[in-house]
Amino acid sequence: MRKFFIKYVVLTRRGIAAQLEYRMAMAIWILSASFPLVMLAVWLSLAAEGPVGSFSAGDFVGYYLLSFYVRQMTAVWVAWELDYDIRHGDLNIKLLHPIAPIHEYISFNLADKVIRGILFTPLVIGVAWLIPTIQIAPTAANLFFFSIALAGAWMLRYLAQFILGLFTFWFSQALVLIDIFWMLYLLLGGGIAPLELLPEPLKTIAFYLPFRLMMSFPIEIMMGRLDTAEILSGLAATMVWGIALMGAYRLLWARGMRRFGAFGA
Amino acid sequence: MPLTVTHLKKYYPVHQKEPGISGSLKSFFRREYRDVKAVDDISFAIDTGEIVGFLGPNGAGKTTTLKMLSGLLYPTGGSARVLGFTPNERKPEYLRQMTLVMGQKQQLNWDLPALETFLVNQAIYEISDEQYKRTLDELTELLDLAPLLKKQVRKLSLGERMKCELAAALLHRPQVLFLDEPTIGLDVTMQTKIRQFIAEYNRRYRATIILTSHYMADVTALCKRVIVIDHGKLMYDGSLDELAARIAPHKLVRVELATNVEGSRLDSYGKVMKIQEQSVELLVPRSKTSEITARILAELPIVDVTIQDPPIEDVIARVFEQAALTHNATAAHADD
């Protein structure tokens, strides 16, 4: 276990070193991360004449600031990596190592999270500080549950995207699946509108699907909109989905390896 | 035997498409697949410390075989055992004892110095600090790595990169090495260096090595034994010398004459390949070499005589030609 931990630390350290080489790319993420701010502007203009449902202007500011942060801290692109590595043969290199390739991919993502965490955590706290009308509930308990829910959101997004990426073993255009997934994530995860404002039956459907747990759930915690029982049931649901996705990953990986053509040199 | 391959097979379903739009449309609605037999029932065994050259034209199945042996590919049939493991189970204990170096694919991170990849490999392969230091020192000395280790990999030349790749692949001191075109694209000096290094590694650690290369010099310098495959089938397995003897049952006799001699007089000794002023090249049957050389020395005004094997490139080219002939013959037969 200790050895395994060391492997992660070393791999993550290399990931950070590699990503720091791409300063330009980092600047671009920050720009591309502004979608929640666009949505915020839209909802603020609607909320100017009075609250929308249970959301006042201050709620929207809190919601989209948190949405920005959650999406940054759960950003995943592993499907594209897998797609490239499977089709170009770069997966071969990882397969030769005596550690399951998923850990090398995860460590690279964790490295990114360390960098984004350092960049965006103070930024988000600073912005929340500067806007007095913002509606959030940063109690110690909420911060605690928020961190767990955030890690859970990352895990679900990561596993889901990894699984979708594995379909490249069977279809050369597996990435179209990601587009569908992304659309559902934005709509049913709370990217376009807070889930509470969705019309029925979408709202109920969203409640039972894992997309909520990937974005909206940690935000709801931090806005003080959930009681402890609701928080615990959300965390339990995250765990159940996580186990299910891990099972699916194991199955698809084993099948995919049989199928793998080890293309490229 | 630490490495045994029995009736190993790998077939790929390949989807067939005619060129053009109509072909694309047809294939959109109904895909046709055909099995390509990349490796078709080959068997061989290799002993500890042997270096075996794997020869064959492009697409013969060399790389596919190496990929199956290193656990990247599941065989369609047959089996492989290496160091007591079944490669496709990809047990970490197996992966820690072998390496596959692909001349055309790199494991070094392009944006970071090679040393960074070495450190990652130290952790992944669970190499102790002491062993890491010792191995790295040795590799640094053997490959002249000192000035390269801290440079960004993308700033290295192809040859420098290959040296670092080899070091990264050997840090864990694997017992079995699969080297797929390790010298591809390198200049002659660098090829020689890599070759010497492989020989030295083999000597020091009694490592078992399979090597593929397009450069015959690699093979003649390193491998006593060669395995020739073509169209996925094993064509030859044995010593390089014997291959030359069997395929090219001739020797090349180079004669420097003191005076000009008529071509017709030379014909009685062997097939005249070249006459240039007073230097002559004759192709003589291998079994009669000494007898004919004796006659030449006695009967002709000689300055110098040398006897050589024909260049191994020609020998290999002939193996492939013959392979192609038999292949076409069977194919033609199948069409009847």
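Residues numbered from 1 in each chain as written. Chains lettered and ligands numbered in written order. Predicted model: local features only at pLDDT ≥ 70, side-chain atom pairs only at ≥ 80, totals over all residues. Heavy atoms only, no water.

**Notes on the packing of aromatic side chains**
Residue and element names in this part refer to chain A.
Working step 1: Inspection of every chain in the model, using the stated rule, returns 26 aromatic pairs over all chains.
Working step 2: On the basis of an interplanar angle of 80° and a centroid distance of 5.1 Å, the ring pair of Tyr63 and Tyr64 is categorised as edge-to-face.
Working step 3: Taking relative accessible area as the criterion, Tyr64 reaches 0% and is therefore assigned buried.
Working step 4: Ring geometry for Phe169 against Trp170: centres 6.0 Å apart, planes inclined by 90°, an arrangement best described as edge-to-face. (Phe/Tyr/Trp six-rings, centres within 6.5 Å; stacked < 30°, edge-to-face > 60°. Buried < 20%, exposed > 50% of the residue type's maximum accessible area, 1.4 Å probe, protein only.)

**Structural notes on the environment of Asp112 of chain A**
Working step 1: Along the polypeptide, Asp112 of chain A turns up in helix α7 (residues 101-130).
Working step 2: For Asp112 of chain A and Ala153 of chain A, which are 41 residues apart along the polypeptide, the C-alpha to C-alpha distance reads 16 Å. (Helix = DSSP H or I, 4+ residues; strand = E, 2+ residues; numbered from the N terminus.)

**Quick notes on the side chain of Asn142 of chain A**
Working step 1: If you trace the backbone, Asn142 of chain A turns up in helix α8 (residues 140-166).
Working step 2: Apart from residues no more than four positions distant in its own chain, Asn142 of chain A is found in contact with Ala137, Ile221, Met222, Gly224 and Ile231 of chain A. (Contact = heavy atoms within 4.5 Å.)

**Observations regarding the domain arrangement of chain B**
Working step 1: Assigned domains of chain B: these are domain 1 (3-244) and domain 2 (249-308).
Working step 2: The C-alpha centroid of domain 2 of chain B is placed 43 Å from the C-alpha centroid of domain 1 of chain B. (Domains from an automatic or database assignment.)

**Concerning the environment of Leu234 of chain B**
Residue and element names in this part refer to chain B.
Working step 1: Relative to the assigned elements, Leu234 resides in strand β9 (residues 233-239).
Working step 2: Look at Leu234 and you get partly exposed, because its relative accessible area is 29%.
Working step 3: Measuring from C-alpha to C-alpha, the distance between Leu234 and His214 comes to 18 Å, with 20 residues separating the pair along the chain.
Working step 4: When sequence neighbours within four positions are dropped, the list of residues in contact with Leu234 reads Ile42, Ser43, Phe44, Ile227, Val228 and Ile229.

**Some details on the interface of chain B and chain A**
How big an interface is tends to be stated in terms of the accessible area lost upon association of its parts.
Working step 1: On the side of chain A, 30 residues touch chain B, which itself brings 30 residues to the contact.
Working step 2: Carbon and sulfur atoms make up 63% of the area that chain B and chain A hide from each other, which totals about 2800 Å².
Working step 3: Among the residues of chain B in contact with chain A, Leu72, Tyr74 and Ile124 of chain B are the three that bury the most area, contributing 22% of the side total.
Working step 4: Connecting chain B to chain A are four salt bridges. (Buried area = accessible area lost by both parts, 1.4 Å probe. Salt bridge = Lys/Arg side-chain N within 4 Å of Asp/Glu carboxyl O.)

**Thoughts on the nonpolar core**
Working step 1: Ranked by size, the top nonpolar core spans 103 residues in total, and within it Phe162 and Trp253 of chain A together with Leu3, Phe44, Phe178 and Ile210 of chain B carry the most contacts.
Working step 2: The element best represented in this core is α8 of chain A, accounting for 13 residues.
Working step 3: Setting aside anything within four residues of it in sequence, one finds Phe44 of chain B in contact with Leu3, Thr4, Val5, Phe54, Ile210, Arg225, Ile227, Leu234 and Asp237 of chain B. (Core = buried A, V, L, I, M, F, W, Y, C linked by side-chain atoms within 4.5 Å.)

**A short note on the pattern of salt bridges**
Working step 1: Inspection of every chain in the model, using the stated rule, returns 27 salt bridges over all chains.
Working step 2: Between Lys105 of chain B and Asp90 of chain A there is a salt bridge, with its nearest N and O atoms 3.1 Å apart. A residue pair is termed interchain when its members come from two chains, as with Lys105 of chain B in the loop between β5 (98-102) and α4 (114-124) and Asp90 of chain A in the loop between α5 (78-88) and α6 (91-96).
Working step 3: Given a relative accessible area of 18%, Lys105 of chain B falls into the buried group.
Working step 4: For Arg203 of chain B, the salt bridge is made with Glu200 of chain B, and the minimal N-O distance between the two is 2.8 Å. On the criterion of helical spacing, the pair formed by Arg203 of chain B and Glu200 of chain B is a turn pair, its members being three residues apart in helix α7 (residues 188-205).
Working step 5: For Glu200 of chain B, a relative accessible area of 19% translates into the label buried.
Working step 6: A single salt-bridge network, built from bridges that share partners, covers Lys3 and Lys7 of chain A together with Arg96 and Glu126 of chain B.

**Structural notes on the confidence of the model for chain B**
Working step 1: Chain-level statistics for chain B give a pLDDT mean of 85 and a share of 94% at 70 or above.
Working step 2: Every residue in residues 330-336 of chain B is under pLDDT 50, and counting partners more than four places away or in other chains gives zero contacts. (pLDDT = per-residue confidence, 0-100.)

**A short note on a nonpolar patch on the surface**
Working step 1: The grouping of Phe35, Val38, Val42 and Leu46 of chain A at the surface amounts to a nonpolar patch, some 320 Å² of accessible area in total.
Working step 2: Here Val38 of chain A falls in the partly exposed class, since its relative accessible area comes to 47%. (Patch = residues over 30% accessible without salt bridge, like charges linked within 9 Å, V, L, I, M, F, W, Y side chains within 5 Å. Areas by Shrake-Rupley, 256 points an atom, 1.4 Å probe, with all protein chains shown as cover.)

**What about the sheet that holds strand β2 (residues 32-46) of chain B?**
Residue and element names in this part refer to chain B.
Working step 1: Strands sit in the order β2-β1-β4 across an open sheet of three strands; the sheet is antiparallel. Taken across any chain shown, the strands that pair with only one partner, and hence form the sheet edges, are β2 and β4 (77-82). Direction aside, neighbouring strands of the sheet carry axes that sit 30° apart on average.
Working step 2: Bridge count for strand β1 (residues 3-16) against β4 is five bridges, and the pairing is antiparallel. Considered in β4, the bridge of Val5 is made with Ala80.
Working step 3: Across the sheet, helix α2 (residues 62-69) lies against β1, β2 and β4, angled at about 120° from β1, the strand it touches most. (Pairing = 2+ DSSP bridges. Axes fitted to C-alpha atoms, helices over the stretch in contact; angles between N-to-C directions.)

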